[in-house]
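Descriptive structure summary
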Amino acid sequence: MTRRNVAPLAAVLLIASPVIVGVAYTILAALGLRGAGASELTVRHVAAALGGWDTWRGVGWTLATAAVATAVAAAAAFTVALRVQQSPLGRLLAVLPLAVPHVAAALAALLLLSQSGWVSRLTHAAGLTPTPADFPALVYDRFGVSLVLAFAWKEFAYLVLTAVAVLGTLDRASDEVARTLGASARQVFWRITWPQLWRGTSPAVIAAFAFLIGQYEMPALLAPSTPTALPLLIYERSVDPNLLRRGEAYVVALLALTLCAGLIAAHGIWRRRLPGVTR
Amino acid sequence: MNTPRGLVVTGAHVSFGARPGLHGVDLSVARGERVALLGPSGCGKTSLLRAVAGLQPLTSGAIAVDGTEVTGVLPEQRGIVYMHQSPSLFDHLSVIDNVGFPLEVRGTPRRQARERAAALLDRVQLARLAHRASDTLSGGQRHRVALARALAANPAVLLLDEPFAALDPELRAEVRETVLDLLGTAEWAPAVVVVTHDVDEAAAMAHRVAILLDGRLAQVASPEHLLNAPVSVAVARLLGLPNVLTGIRAADGRVSFALDRCDARGAVGQVAVVVRVNAVRFGPPGAGTPARVVSVQHRLAGTIVRVDVAGEQVTGIPAPGLSLAAGDRVGVLVDPGAVHVLDEALGGRDV
C-alpha cells in the first residue's frame, strides 16, 4: 500500500466504521454473546428465527413487494426519462417525489387509498361503488398494493434522475449510425439504447431494491400484520417483552443484510461478465 | 434504358428554419467511385450527407440509389451507410458483434452473421481482437472496426463524414490506406462520398472532388483538374493555392500579370490568374522576371520559396542546385501552360 492510498482508505474506514461495528455487534448478539439476555455462545436465536415459518413468509413477502415495486418504478422511470430528458421542466416534475419523506409518502398513500380515503370517496361520488367501504382494500392487504405503489412512487423519482443522467452520457450518433446500418427505430431502442440504459442504471435499480428490503416507515403504515415485512419483524423481535427472543431480531437483521449483500454480489458478477463495461 | 448505378442527388435543398443550408445541390456518384466533398466549416457538407442518409429531411429535391428514388424512405431502407467522424462503435457489444450488427438486424442468423463478421475483421487485420470489448480498442482499431461494420451492411452508398479527423497524422495515413484497400476490392463497390477539410486527403482518396461553398456546389472535378483550373477565386483559395494573382486583360485578349503575359479571351478588365506552385521556377537574376526572396521553407517534398514580384507574393520552387535565402534576388520563370485565368477581379486589391 502506498502512502497516497492511506488517507482515502482511512476516510472510507471512518465512514464504514458504524456499519462494521454494527454488523460485528449484530453477529455477536445473534450468537447470544451481546444484547439483552446475553449469556453464552449459542445458536438458539438462529434456530428460532430461521426455523420459524413467520420469518420465511416475511422474507418472501418483502422480496416480492420490493421486487414488484422496483420493477414498476424502473419501467415508469425509464419510460418517463426517455421522454423528458430534453425538457428541464419535465425532469424537475419527474424528480419532485425525491423531496417527499418516505413517511409522508406512506401517509399520503393511506389518505388516498384506504377504504375511507379520497379515492374511495371519489369513486363512491362517481357512482362506481355503493359505499366508500366497498372500495377494494388496498391498504394492509395481503398483496401490499398501497405499499408497492408508495414504494414505486418514491423510487421512481430516484430512478428517473439516474436514467436521465445515463441517457445524457449515451452517444446519440450511435443511434443514427445504427439506423443507416439497417436497424429500425425499434431495433435501435432494444439493441442499442436499452442495453446501455440498463447497464448504466442497474446499480441504481439494485440499490433501490436493497433499500426497499430494509425500508421501515412505509411497511409500518401500509403493510398487513401477516405476513410481516422483514423490517417490522426485526422491530417486533427487538422490543419483544421476552428478552430471550430479542436475539432473534439480530438474526433476522443479518438475514436481510445477507440477502442485500448476495444481491449486490450477484449484480457485480453479472456486470463483470458484460463486454464493454468499465470496471 | 440503363438506370444509373450509385447515388444521384438532384436539386437538394435543406433549410434550418429561416437559415438556408443547401441550395439545389446536384451530385452523381457512380458505384465504385469515390467523391470527396470539400468545403469550409458550415458550408453544408454534413447537412448534405445527413440528407442523403435520411437523417435530415430535404426541403426539396430528390435522392436516388441505383436508380430507385429513396427521398422519403426510412434511413434503414435506403442502402446508404453513414459513418460519423467518431467511429460510434456500440460499446456494449464485442468487436465481432459490432461488425455482425448490420447482418443481425436484417435477420441473418447469428452464427452466419458472426462468420461474415469474422471474415471482415480479417480483412482489416483485427481478427485477433474479435471477442474484445470494443471500448478497449485504440483509435485506429476502432476506425477499422467501424469500416468493417459499414461494409458488413453491403451498402450501395457509403458516406464518410470526416472519417480521419480525430486521428493523429500517422494513424490517419494507416487507416486511410486500409479504407482505400477495402473500397478498392471489386466485391464491395459502393458509391463513396467522403467529407474532408484536407485538400491532400481529398486528392489522395477521391476520383473526383466536389467543392461546396455556402450550400452550393461550386465545382466537381478530378483533383488534378481542380488544382489546375479552379472555377473561381473562392475555390482556388479553399484549395490553398498560393498563387492567385491579379491580372489585366487587354482588348486583344492578352492577359498581363506580375510574372508574364498569356492569351485568354474574355471581357476587358481585371481578372485573376492562378498559377500552380510547381509551374513557377526561380533561377538566377536575369533568367526571368526579377524578384526578391521573402522566405524559404524546407519540406519533405522539397523546398518552397516565396518571392515578392512588383508587390505581389508568388510561391514556387528553386531551380535544381540553386540555394536561396531571404533577400536574395532571383529571376522567375513560369510554365505558360500552367496559367489559369479567371474572369473575376480579386477582391480589395488593385492592379
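Residues numbered from 1 in each chain as written. Chains lettered and ligands numbered in written order. Predicted model: local features only at pLDDT ≥ 70, side-chain atom pairs only at ≥ 80, totals over all residues.

Digging into the interface of chain B and chain A
The interface of chain B with chain A comprises 25 residues on the first partner and 18 residues on the second. Elements with a minimum of two residues in the side of chain B that touches chain A: β6 (80–83) and α2 (95–105) of chain B. No other element matches β6 of chain B, which puts four residues into the side of chain B that touches chain A. When grouped by side-chain class, the residues that make up the side of chain B that touches chain A number 14 nonpolar, six polar and five charged. (Contact = placed C-beta atoms within 7 Å. Helix = DSSP H or I, 4+ residues; strand = E, 2+ residues; numbered from the N terminus. Nonpolar A, V, L, I, M, F, W, Y, C, P; charged D, E, K, R; others polar.)

Considerations on the environment of A38 of chain A
All names here are of chain A. Locating A38 in the fold gives a position in the loop between α1 (3–30) and α2 (44–51). Along the backbone, A38 and L244 are 206 residues apart, and their C-alpha atoms lie at a distance of 8.3 Å. Setting aside anything within four residues of it in sequence, one finds A38 in contact with G32 and L33.

Focus on the pairing of strand β11 (residues 244–249) of chain B
Across a regular strand the side chains alternate sides, sitting on one face of the sheet and then on the other. Residues and elements named next belong to chain B. Burial along β11 is one-sided: L245, G247 and R249 are buried, and none of V244, T246 and I248, which face the opposite way, are. Alignment of β11 against strand β14 (residues 269–275), held across six bridges, turns out to be antiparallel. The residue bridging G247 from the neighbouring strand is V271, located in β14. Remark: four residues form the turn of the hairpin made by β11 and strand β12 (residues 254–257), two consecutive strands paired antiparallel; G253 in that turn has positive phi of roughly 90°. (Buried ≥ 20, exposed ≤ 12 C-beta atoms within 10 Å, placed from the backbone. Pairing = 2+ DSSP bridges.)

What to know about the sheet that holds strand β9 (residues 208–213) of chain B
Residue and element names in this part refer to chain B. Pairing is mixed across the open sheet formed by six strands, whose spatial order is β6-β7-β8-β3-β9-β10. Each edge of the open sheet is held by one strand with a lone partner, namely β6 and β10 (216–221). Geometrically, the sheet is characterised by an average inter-axis angle of 20° between neighbouring strands, direction not taken into account. For β9 and β10, the ladder comprises five bridges, and the chain directions are antiparallel. Note that in β10 the partner of L213 across the bridge is R216. Strands in contact with helix α1 (residues 45–53) are β3 (34–38), β6, β7 (157–161), β8 (191–196) and β9; relative to β7, the strand with the most contacts, it is inclined by about 150°. (Axes fitted to C-alpha atoms, helices over the stretch in contact; angles between N-to-C directions.)

Here's the deal with unusual backbone geometry
Cis geometry marks the peptide bond from T226 of chain A to P227 of chain A; its omega dihedral reads -10°. With respect to the secondary-structure elements, P227 of chain A resides in the loop between α10 (217–222) and α11 (230–238). If you check the backbone angles, Q125 of chain B has positive phi at about 55° while not being a glycine. Tracing the chain through its elements places Q125 of chain B in the loop between α3 (110–123) and α4 (139–152).

Comments concerning the sheet that holds strand β15 (residues 280–283) of chain B
Residue and element names in this part refer to chain B. One closed barrel holds the five strands; their spatial order is β15-β18-β17-β16-β19, and the pairing between them is mixed. For this sheet, the mean angle separating the axes of adjacent strands, direction not counted, is 55°. Looking at chain direction, strand β16 (residues 289–299) and strand β19 (residues 329–334) are connected through four bridges and run antiparallel. Directly across from A291, in β19, lies its bridge partner V330.

Looking at α3 of chain B
All names here are of chain B. Along its 14 residues, α3 runs 20 Å from first to last C-alpha, staying within 8% of the 20 Å computed at 1.5 Å per residue. Within the sequence span of α3, burial applies to A113, A117, L120 and L121. Angular distribution of buried residues about the axis of α3 spans 100°; they occupy a single face of the element. Across α3 from its buried face, at more than 90 degrees, point the exposed residues R111 and Q112. Directly beyond the C-terminal end of α3, a positive phi value near 55° is found at Q125. (Expected span 1.5 Å × (residues − 1). Arc of directions from axis to C-beta.)

Brief notes about the domain arrangement of chain B
Residues and elements named next belong to chain B. For chain B, the assigned domains read domain 1 (6–233) and domain 2 (242–342). For domain 1 and domain 2, the distance between their C-alpha centres works out to 39 Å. At the interface, six residues of domain 1 touch seven residues of domain 2. Of the residues in the side of domain 1 that touches domain 2, the class split is four nonpolar, two polar and no charged. (Domains from an automatic or database assignment.)

Description of helix α7 (residues 145–169) of chain A
All names here are of chain A. With 25 residues, α7 extends 35 Å between its outermost C-alpha atoms, agreeing within 8% with the 36 Å of an ideal straight helix rising 1.5 Å per residue. Most pronounced at F156, the bend in α7 amounts to some 30°. Burial analysis of α7 places 18 of its 25 residues in the buried class, the great majority of the element. (Bend = angle between axes of the 7 residues up to and from the residue.)

Remarks on the domain arrangement of chain A
All names here are of chain A. You can read the domains of chain A as domain 1 (15–51 + 239–279) and domain 2 (60–229). Using only C-alpha atoms to locate each centre, domain 1 and domain 2 end up separated by 28 Å. Tallying the contact residues gives eight residues for domain 1 and seven residues for domain 2. Residue classes in the side of domain 1 that touches domain 2 are distributed as seven nonpolar, one polar and no charged.

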